[in-house]
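Results of the structural survey
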Amino acid sequence: MGEPTDRGEEADEPLEPLEPEEEGNVRADLEELAGMRDVFAQQGVKGVVIACPDCGENHYYEWDLLKENLEHMLQTGEPRMHEPAFEVREDEYIQWDYGKGYIDALADTGLEPDRRVEVTRCPWCETPSQEFFRFCPKCGRSLAALRIYRELTDHGLDEREVRAMLVRAGFEPF
């Protein structure tokens with residue numbers, strides 16, 4: 001353990017500092033975990049399953065617990081002991097490798113989870129909406145055309161051209 005701090009607690013000083021490559025891997029895991037959480041938590045997934053090479057069992061980690069464990073490794077150089085999850089519902093967790101592959105595939109296609117077109121109002125009735133709404137809560141219209149419009153204009157297409165394309169594609173003008 002580390003030296004006592006001013007508050008009487010022990011500081012989390014590395015017992016054995018991580019090698020630079022291992023530290024880079026832990027930081028990459030933290031980034032991948034954040035990406036997985038952004039994508040899968042909104043679908044009701046509680047965390048990830050990691051197959052333990054030491055005991056051969058699956059370990060279930062909720063998002064925050066795994067994040068704290070990885071941050072602890074960066075601070076102390078040591079993994080934190082993990083108690084088995086209580087009454088785990090396996091269908092509420094994703095395999096780490098699957099989640100990582102999914103996030104990598106999104107990045108490879110330019111569909112990173114944090115590249116969302118923000119929609120704050122319905123363009124037809126001006127009703128405020130949340131970013132995750134797919135339809136306007138007042139008029140019921142799909143907000144997909146607005147997201148497509150914003151994405152195309154953000155990529156440099158002319159506003160009028162984009163509106164014309166959307167109408168030709170069958171979207172209602174806004």
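What you are looking at is a predicted structure, and each value in this text was computed from that prediction instead of being measured. (Residues numbered from 1 in each chain as written. Predicted model: local features only at pLDDT ≥ 70, side-chain atom pairs only at ≥ 80, totals over all residues. Heavy atoms only, no water.)

1. Section: the nonpolar core
Across soluble globular proteins, you tend to see nonpolar side chains buried next to one another. Heads up, the rule is: Put simply, buried Ala, Val, Leu, Ile, Met, Phe, Trp, Tyr and Cys residues joined by side-chain atoms within 4.5 Å make one nonpolar core. Remark: exposure states derive from per-residue accessible area (1.4 Å probe, protein chains only) relative to the maximum for the residue type, with buried under 20%, exposed over 50%, and partly exposed in between. The helix count covers DSSP runs of H or I at least four residues long, the strand count covers runs of E at least two residues long, and both are numbered beginning at the N terminus. Residue contacts follow a heavy-atom distance rule, with two residues in contact if any of their heavy atoms lie within 4.5 Å.
Met36, Phe40, Val48, Trp63, Leu66 and Ile94 are the most contacted members of the largest nonpolar core, which totals 18 residues. Those elements giving two or more residues to this core turn out to be helix 1 (20-40), helix 2 (63-76) and helix 3 (96-108). Top element by residues in this core is helix 1. It accounts for 6 residues. If near-sequence neighbours (up to four positions away) are discounted, Met36 is found in contact with Ala41, Val48, Trp63, Ile94, Trp96, Gly99, Lys100 and Ile103.

2. So, helix 4 (residues 144-154)
For helix 4, the set of buried residues is Ala145, Leu146, Arg147 and Tyr149. Check the buried side of helix 4 and you find it contacts helix 5 (159-168). Looking one or two residues past helix 4, Gly156 carries a phi angle of roughly 95°, positive in sign.

3. Some words on the environment of Lys138
Tracing the sequence through the fold places Lys138 in the loop between helix 3 and helix 4. Judged by its relative accessible area of 62%, Lys138 is exposed. Distance in space between the C-alpha atoms of Lys138 and Pro128 is 9.2 Å, their sequence separation being 10 residues. Discounting residues that sit within four places of it in the chain, Lys138 has contacts with Cys125 and Thr127.

4. Here we look at the side chain of Thr76
Using the following cut-off: Any N or O atom pair separated by 3.5 Å or less is treated as a polar contact, with the protein-specific requirement of one donor-capable and one acceptor-capable atom, and with residues adjacent in sequence counted only for side-chain atom pairs.
With respect to the element layout, Thr76 can be found in helix 2. At a separation of 3.1 Å, a polar atom in the side chain of Thr76 contacts the main-chain amide nitrogen of Glu78.

5. Notes on unusual backbone geometry
Positive phi is not limited to glycine here, since Glu126 has a value of about 65°. Mapped onto the elements, Glu126 comes out in the loop between helix 3 and helix 4. We classify Glu126 as partly exposed; its relative accessible area is 45%.

6. Comments concerning the sheet that holds strand 1 (residues 47-51)
For clarity, the threshold we go by: Two strands are said to pair when DSSP picks up at least two bridges between them. Lines are fitted to the C-alpha atoms to define the axes, a helix being fitted only along its stretch in contact, and any angle between axes, read from their N-to-C directions, falls within 0 to 180 degrees.
Spatial strand order, 2-1-3: 3 strands in an open sheet with mixed pairing. Both outer strands of the open sheet, strand 2 (58-62) and strand 3 (93-95), are each paired with one neighbouring strand and no more. Geometrically, the sheet is characterised by an average inter-axis angle of 30° between neighbouring strands, direction not taken into account. Sheet analysis places strand 1 next to strand 2, joined by 5 bridges and oriented antiparallel. The residue bridging Val48 from the neighbouring strand is Tyr61, located in strand 2. Strands strand 1, strand 2 and strand 3 of the sheet are contacted by helix 2, whose axis makes an angle of about 100° with strand 2.

7. Examining the packing of aromatic side chains
For clarity, the cut-off: Under the pairing criterion, centres of Phe, Tyr and Trp rings, with the six-membered ring standing for Trp, must be within 6.5 Å; the plane angle then separates stacked pairs below 30 degrees from edge-to-face pairs above 60, leaving the rest tilted.
Throughout the structure, instances matching the rule amount to 4 aromatic pairs. Between Tyr98 and Tyr102, the ring centres sit 6.0 Å apart and the planes meet at 35°, which makes this aromatic pair tilted. Highlighted residues: Tyr98 and Tyr102, both in helix 3, separated by 4 residues, approximately one helical turn. Three or more aromatic residues joined by ring pairs form one cluster here, namely Phe40, Tyr98 and Tyr102.

8. Focus: the pairing of strand 1
Remember that side chains alternate between the two faces of the sheet whenever the strand is regular. As consecutive antiparallel partners, strand 1 and strand 2 are separated by 6 residues, and within that stretch Gly56 has a phi angle of approximately 80°, a positive value. Bridge analysis of strand 1 against strand 3 gives 3 bridges, and the strand direction is parallel. Across the sheet, residue Gly47 finds its bridge partner in strand 3, namely Tyr93.

9. Some remarks on the state of the cysteines
Let me state the cut-off plainly: Any cysteine sulfur atom paired with another within 2.5 Å is treated as part of a disulfide.
What the rule picks out here adds up to 0 disulfides. Considering cysteine sulfurs only, Cys55 is the nearest to Cys52, which forms no disulfide, with 3.6 Å between them. Owing to a relative accessible area of 17%, Cys52 belongs among the buried residues under this scheme.

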